[in-house]
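Observations on the model geometry
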Amino acid sequence: MARRAFFCGNWKLNGSIAESLALATDVRNGVASVRDVDVAVAPSFTALHAVAKRLEDGPVMVAAQDCFWEEKGAFTGEVAPSQLADAGCKLVILGHSERRQLFGELDAAVNLKTRAALRAGLTPIICIGETLTERDAGETLGRIQAQLDGALADMTDAELEGIVIAYEPVWAIGTGRNATPAQAQEVHHFIRTRLATRAPALAPKLRILYGGSMKPDNVRALMAEEDVDGGLVGGASLSAESFIRLVKEGSAS
Ligand code: PGA
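Just so we're clear, the structure is a prediction, and the values are computed from it rather than from any experiment. (Residues numbered from 1 in each chain as written. Predicted model: local features only at pLDDT ≥ 70, side-chain atom pairs only at ≥ 80, totals over all residues. Heavy atoms only, no water.)

**What to know about the side chain of Gln185**
Examined against the element boundaries, Gln185 turns out to sit in helix 9 (residues 181–198). Judged by its relative accessible area of 15%, Gln185 falls in the buried class. (Helix = DSSP H or I, 4+ residues; strand = E, 2+ residues; numbered from the N terminus. Buried < 20%, exposed > 50% of the residue type's maximum accessible area, 1.4 Å probe, protein only.)

**Side note on helix 2 (residues 45–55)**
Of all the residues in helix 2, the buried ones are Ala47, Leu48, Val51, Ala52 and Leu55. For helix 2, the arc enclosing every buried residue in end-on projection is 135 degrees, short of the 170-degree limit, so these residues lie on one face. On its buried face, helix 2 is in contact with helix 1 (17–31), strand 2 (37–42), strand 3 (60–64) and helix 3 (81–86). Within two residues after helix 2, Asp57 carries a phi angle of roughly 75 degrees, on the positive side. (Arc of directions from axis to C-beta. Contact = heavy atoms within 4.5 Å.)

**A word on the nonpolar core**
Of all hydrophobic cores here, the largest spans 64 residues; its most connected members are Phe7, Val27, Leu152, Ile165, Ile191, Leu195 and Tyr210. With near-sequence residues (within four places) excluded, Val27 lies in contact with Val39, Val41, Val60, Ala240, Phe243 and Ile244. Ala63, Ile93, Val164 and Leu209 belong to the second-largest nonpolar core, a separate cluster that totals 13 residues. (Core = buried A, V, L, I, M, F, W, Y, C linked by side-chain atoms within 4.5 Å.)

Written out as structure tokens, the structure reads:
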């Protein structure tokens, strides 16, 4: 089953509006000629609207890094999915391990956010992944299953059709130590098999991204694996040169 490759740069807490605009513009220009790939960038909330305006009508989409599940009301500091869509976002990263570990985000919240994002017409990129302690204890697949089932609880097939999953082993994020292609494939295959128990016809079509120290020089080997469909890229997306090279390498495999 041919799934279109997809690479999303996760800029995390980095960049002024001017810096984000410059990086987004360079990325847009650099990937303009690359075929058969979807590309997105995820700036900070403050830069979303400006970056989306700059990239409108171009091939590069804009993602937010989080959202709330309510549409409006007394929720100081939160941002609704419809507000993100209004700002020009097409996607939203949800359940990133930094949100889980530093801000106590639980699977139930990821589920609520996912469904709210879909209602607003956004594509959720749902992040799951084990810690090093869990991997060393042989709990990787159990942890992945629990996070996946929790995030997707009670969702209909129509809802599932709109999602993207990102497998991001916590020990590989920002460490320079990526999962080996075989380690990634084992978990990606497990995720797809688990999705197939929920929605057999849909599972072969859903994209499963890898995240965790993906770089221009390891993307090809990761993308060569059957169930690796793209990447959620942190550090290597903060320079246009390395992100463009990564997208080119990754989509050529
Ligand atoms: P990294 O981050 O590429 O810097 O490891 C990936 C992520 O956190 O999404």
